[in-house]
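So the chains spell out like this:
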Amino acid sequence: MISTFEELPDIDAANVVRCARVLLRRPLLRADGPDGDLLPMIYRQRTALQDVFSGLLGYRLVVERRFARLYKSGPGEDAGRGVESLSPRGYAYFALTLAALTGIGRQVLLSRLVSDVRAAASEVGIEIADDPADRRALTAALRHLVALGVITETEGSVTAESTAEALITIDTDMLGQLVAGPLAEANDPQQLVELASAAGPRRTEHAVRRKLIEDPVVLYADLPPEQATWLREHVINESRLLERFFGLVGEARAEGVVVCDPEDYLTDLAFPGPGTVARIALLALPELLDRGEPDSAGRHPVSWQDFADVCEDLVAAYPSAWSRAATEDHQDLVRAVIDLLGRLGLLRESEGSWLLSPAAHRWLPQPDATPAQQQREPEPPAPEAPGWSLFDEMEEAAR
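Read on for a plain summary of the structure. (Residues numbered from 1 in each chain as written. Predicted model: local features only at pLDDT ≥ 70, side-chain atom pairs only at ≥ 80, totals over all residues. Heavy atoms only, no water.)

1. Digging into the sheet that holds strand β2 (residues 60-63)
Step number 1: Spatially, β1-β3-β2 is the arrangement adopted by the three strands of the open sheet, whose pairing is antiparallel. The open sheet terminates on both sides in strands that have one partner only, identified here as β1 (28-30) and β2. Strand after strand, the sheet turns through a mean of 5° between neighbouring axes, direction not considered.
Step number 2: Both β2 and strand β3 (residues 67-71) contribute to a ladder of four bridges, which runs antiparallel. (Pairing = 2+ DSSP bridges. Helix = DSSP H or I, 4+ residues; strand = E, 2+ residues; numbered from the N terminus. Axes fitted to C-alpha atoms, helices over the stretch in contact; angles between N-to-C directions.)

2. So, the layout of surface pockets
A probe as big as a water molecule, rolled over the atoms, marks out the empty space that is left.
Step number 1: Looking at the second largest pocket, its volume works out to about 250 Å³.
Step number 2: Lining the second largest pocket we find 15 residues, and of these Gly58, Tyr71, Ala180, Leu195 and Ala196 sit closest to its centre.
Step number 3: For the lining of the second largest pocket, a count of residues per class yields eight nonpolar, three polar and four charged. (1 Å grid on protein atoms, 1.4 Å probe; cavity = no way out; pocket = protein on both sides within 12 Å on 5 of 7 lines; lining within 4 Å. Points joined across faces, edges and corners; volume = space filled by probe spheres on them. Nonpolar A, V, L, I, M, F, W, Y, C, P; charged D, E, K, R; others polar.)

3. Describing unusual backbone geometry
Step number 1: Here the residue pair phenylalanine 271 and proline 272 is connected by a cis peptide bond, since its omega of 0° sits within 30 degrees of zero.
Step number 2: Following the sequence through the fold, proline 272 ends up in the loop between β9 (256-260) and α12 (276-289).
Step number 3: Of note in the backbone geometry, aspartate 35 takes a positive phi value of approximately 65° without being a glycine.
Step number 4: On the basis of relative accessible area, aspartate 35 is assigned to the partly exposed category, the value being 24%. (Buried < 20%, exposed > 50% of the residue type's maximum accessible area, 1.4 Å probe, protein only.)

4. Concerning the pattern of salt bridges
Step number 1: Per the counting criterion, the structure on display carries 23 salt bridges.
Step number 2: Residue aspartate 35 pairs with arginine 26 through a salt bridge whose shortest N-O separation is 2.7 Å.
Step number 3: The exposure class assigned to arginine 26 is partly exposed, which follows from its relative accessible area of 23%.
Step number 4: For the salt bridge of arginine 202 with glutamate 205, the shortest nitrogen-to-oxygen distance reads 3.5 Å.
Step number 5: A relative accessible area of 18% places glutamate 205 in the buried class.
Step number 6: Taken together, the salt bridges that share partners define one network made up of Arg202, Glu205, Arg209 and Glu238. (Salt bridge = Lys/Arg side-chain N within 4 Å of Asp/Glu carboxyl O.)

5. Quick notes on the nonpolar core
Step number 1: Within the largest apolar cluster, 47 residues are counted, with the highest numbers of intra-cluster contacts made by Phe5, Leu49, Phe53 and Phe246.
Step number 2: Breaking this core down by element, the ones donating at least two residues are α2 (10-25), α3 (39-44), α4 (46-57), β2, β3, α10 (203-214), α11 (225-246) and β9.
Step number 3: Beyond its immediate sequence surroundings of up to four residues, phenylalanine 246 is in contact with Val17, Ala20, Arg21, Leu24, Val52, Phe53, Leu56, Leu57, Ile213 and Leu241.
Step number 4: Grouped together as the second largest cluster of nonpolar side chains are 33 residues, Ala284, Leu314, Val334 and Leu347 included. (Core = buried A, V, L, I, M, F, W, Y, C linked by side-chain atoms within 4.5 Å. Contact = heavy atoms within 4.5 Å.)

6. A short note on the sheet that holds strand β6 (residues 167-170)
Step number 1: Read across the sheet, three strands follow the order β4-β6-β5 without closing on themselves; strand pairing throughout is antiparallel. Whereas interior strands pair on both sides, the edge strands pair on one side only; in this sheet they are β4 (107-109) and β5 (151-155). Mean inter-strand twist for the sheet, computed between neighbouring axes without regard to direction, equals 35°.
Step number 2: In this structure, β4 lies alongside β6, joined through three bridges in antiparallel fashion. Residue pairing for β6: valine 108 is matched across the bridge by isoleucine 168.

7. Some points on the packing of aromatic side chains
Step number 1: Applying the stated criterion across every chain, the model contains four aromatic pairs.
Step number 2: On the numbers, 6.1 Å between centres and 40° between planes, the contact of phenylalanine 53 with phenylalanine 246 is tilted. Pair noted here: phenylalanine 53 is in helix α4 and phenylalanine 246 is in helix α11, with a separation of 193 residues, a long-range link. Take phenylalanine 53 and phenylalanine 246: they sit in the same class, and that class is buried.
Step number 3: Considering the side-chain rings of phenylalanine 271 and tryptophan 363, the 5.4 Å spacing of their centres and the 75° angle between planes classify their relative orientation as edge-to-face. One end of the pair, phenylalanine 271, is in the loop between β9 and α12; the other, tryptophan 363, is in the segment after β12 (353-356), and 92 residues separate them in sequence. (Phe/Tyr/Trp six-rings, centres within 6.5 Å; stacked < 30°, edge-to-face > 60°.)

8. Overview of helix α5 (residues 88-101)
Step number 1: The end-to-end C-alpha distance of α5 is 20 Å, a good match for the 20 Å that 14 residues give at a rise of 1.5 Å each.
Step number 2: Close packing links the buried residues of α5 with α6 (110-123), α7 (132-148), β5, β6 and α8 (172-175).
Step number 3: Remark: glycine 103 follows α5 within two positions and exhibits a positive phi of approximately 85°. (Expected span 1.5 Å × (residues − 1).)

9. Describing the environment of tryptophan 354
Step number 1: Assignment of secondary structure puts tryptophan 354 in strand β12.
Step number 2: Between the C-alpha atom of tryptophan 354 and that of proline 301, which follows or precedes it by 53 residues, the distance is 5.8 Å.
Step number 3: Excluding anything up to four places from it in sequence, tryptophan 354 contacts His300, Pro301, Val302, Ser303, Trp304, Phe307, Ile338, Leu347, Arg348 and Glu349.

This is the structure:
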């Protein structure tokens, strides 16, 4: 299927898979950043990697000596998970800063850059409050550009203090690689988002495969009819491709496909996890799944009141188990639980309420056996034929 990959010796093929996984996690990889030690290997294997990404996913890969850039598709209408440090206003400032940096040269004073960013915001009708919250949003955008290696603090540092000064050096080569969408083809921001999230040349095949690579759970009910039909027909072969080229394990079920990473390297949001919100979300799942009958796709309808009642019961039942800061405002706790399950892909909004994914069954708690239970267990019933459903009873959590 990928001729350059097929011709590689086993060791080189394994290295290509390793590099492909790194690029999926770090689409903008630079030599002095995390996992940058693999950049020389990526450069050596760039032809095979470019063929793998273009052939299987319709992604463009640019590899230079100093960096590698994988142009993945944008999320489109499904915002998914973004950079945790950036609020919506922070994202707006990030885009405005990219515009301000274009054509500004290789060095600029922080005060001049901030002035240009605010002028760009005013030009497009974004109100500037110049209060602490607004300065924090702009600072977060600038700090993210520092983390990406696009700007460097040559003298001083980027802070939220309005009186602070710094000399900023711009890596114009990296700056030119950031935007994934075709700017020259877009007439407005909405069209740019649509173009960035468009399917690859093999439209249905690339669109479905991208979902499998990027999302831990893909339900047939959430796909357009032609994509759902294609996935049902090719699910076995797709599972083999995921494992061979990206080291991922696909599990086919009646409702869809769940994709696991045995090494957890591509897991960007671990669940179950530490903290009050994550533990309450986990313990809330059994009760939430019992609140209503599932629809034809296996999704369980739940309301805000369902979340509020379940969270309140858990907080009251185990008062000493939770962080006081996380539970003192019950409405904020409910919002945090809903937000976490949404970012995990287990919850989606639907006409003022939510639908809980059948994949939530995977985390139903199993009671531990106790030493006191020594009585003879009854004979097990005769095994039933497999139903090819049930995202529960799986020992390996989705990535």
